[in-house]
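# Notes for the structure review
Listed here are the chains, written in short residue letters.
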Amino acid sequence: ELLLGSVTQIARHKYGCRIIQRLVEQCHPKQVQELVEKVLKDVTALSRHTYGTYVVQHILEHASDEHRRRIVQVVVKDIRILGAEPQGCAVVSAALSYGLDDDRSALAQILLREPGLLVFLASSRHGHVAALRMLDLLVGKELEDARNRLQAEAESLRNCRYGRIVVDYLEQSDSTRCPWRAACRAGA
């Protein structure tokens, strides 16, 4: 009860965020229901905060399906805002990892529809993880569209540390899908 008055303030504190994370992780969902509800009222702001982002990511990993779904809905609604911030990218990545299957697929499709966002994510520290998870979720034409967008920007992605990881992943998955490409690159 003592915590409930200022949950979002505690979530933004260097050590307070860890207390909330442990409570969400260790307590029964009914015990932390009210605590999680308070966090859910401020998901976008907490997702963009240095310490609050860890609380939101932890809720995505450990909370009930309903809470996960509600966070993913906020992420979908505010994808442009969250995708443009380092901490927000980490939440997008967590949503793509821990959300419910249909929510994760919907989020991946939304990311694909936002102009330039996929390439931006692929070049950032936390965003490149979201881009890789997105590639794992998409299938068919959507996957090909995402791959084509990233390959079109491969040269600029190679110029940044995290973009290289995504381009290497694309090339590696190309060689496993089409073994003859790897042989041609190797000079065989």
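See above for the structure.
This structure is a prediction, so every number in the text was calculated from the model and none was measured.

On to the overall build of the chain. Of the regular secondary structure elements, the chain holds 15 helices and zero strands. Counting across all 188 residues of the chain, residues that qualify as buried make up 45%. Contacts in the chain between residues at least 24 apart in sequence constitute 64% of all its contacts with a sequence separation of at least 6. Carbon and sulfur atoms make up 51% of the accessible area of the chain, which totals about 10,000 Å².

All right, on to helix H5 (residues 52-62) then. Burial runs high along H5: eight of the eleven residues are buried. Among all positions in H5, only Gly52, Thr53, Val55, Val56, Gln57, His58, Ile59 and Leu60 are buried. Tucked into the core, H5 has its buried residues touching helix H1 (7-11), helix H2 (16-26), helix H3 (33-40), helix H4 (43-47), helix H6 (65-77) and helix H8 (86-98).

Moving on to the side chain of Asp78. Residue position: Asp78 is located in the loop between H6 and helix H7 (79-83). On the accessibility criterion, Asp78 (11% relative accessible area) is buried. Within the structure, Asp78 has its side chain in polar contact with the side chain of Thr44 (distance 2.5 Å).

For the rest of this paragraph, the subject is H6. In this model H6 runs 18 Å from its N-terminal to its C-terminal C-alpha over 13 residues, within 8% of the 18 Å that 1.5 Å per residue would give. All of the buried residues in H6 are His67, Arg68, Ile71, Val72, Val74 and Val75. Looking straight down H6, one finds that the buried residues subtend no more than 155° of arc, so they occupy a single side. Summarising the contacts, the buried residues of H6 are in contact with H3, H4, H5, H7, H8 and helix H9 (101-113).

Here the focus is the nonpolar core. Core analysis: the largest hydrophobic core is formed by 53 residues, its most contacted members being Leu96 and Met134. For Leu96, the contacting residues outside a window of four places in its chain are Arg104, Leu107, Ala108, Leu111, Ala130, Arg133, Met134 and Leu137.

Conventions adopted
- The written sequence of each chain sets the order in which its residues are numbered from 1.
- Whole-chain, interface and lining totals are the exception, using all residues; otherwise, since this is a predicted model, local features are given only for residues with pLDDT of at least 70 and side-chain atom pairs are given and counted only at 80 or more.
- Processing note: side-chain calculations cover all non-hydrogen atoms of the structure and skip hydrogens and water entirely.
- Strands are runs of DSSP state E lasting at least two residues, helices are runs of H or I lasting at least four, and both sets are numbered from the N terminus onward.
- Under the scheme applied here, a residue whose accessible area is under 20% of the maximum for its type counts as buried, over 50% as exposed, and between as partly exposed, the area being computed with a 1.4 Å probe on protein chains only.
- Every residue pair with non-hydrogen atoms within 4.5 Å of one another is taken to be in contact.
- Residue burial considers only the protein chains on display, and all accessible areas are found by Shrake-Rupley using a 1.4 Å probe.
- Two N or O atoms count as a polar contact when they lie within 3.5 Å, although within protein this holds only if one can serve as hydrogen donor and the other as acceptor, and sequence-adjacent residues are included solely when both atoms are side-chain atoms.
- How far a helix is expected to stretch is found by multiplying one less than its residue total by 1.5 Å.
- Picture the helix axis, draw a direction to every C-beta atom, and the arc is the one those directions span.
- Residues belong to a common nonpolar core when they are buried Ala, Val, Leu, Ile, Met, Phe, Trp, Tyr or Cys residues joined through side-chain atoms within 4.5 Å.

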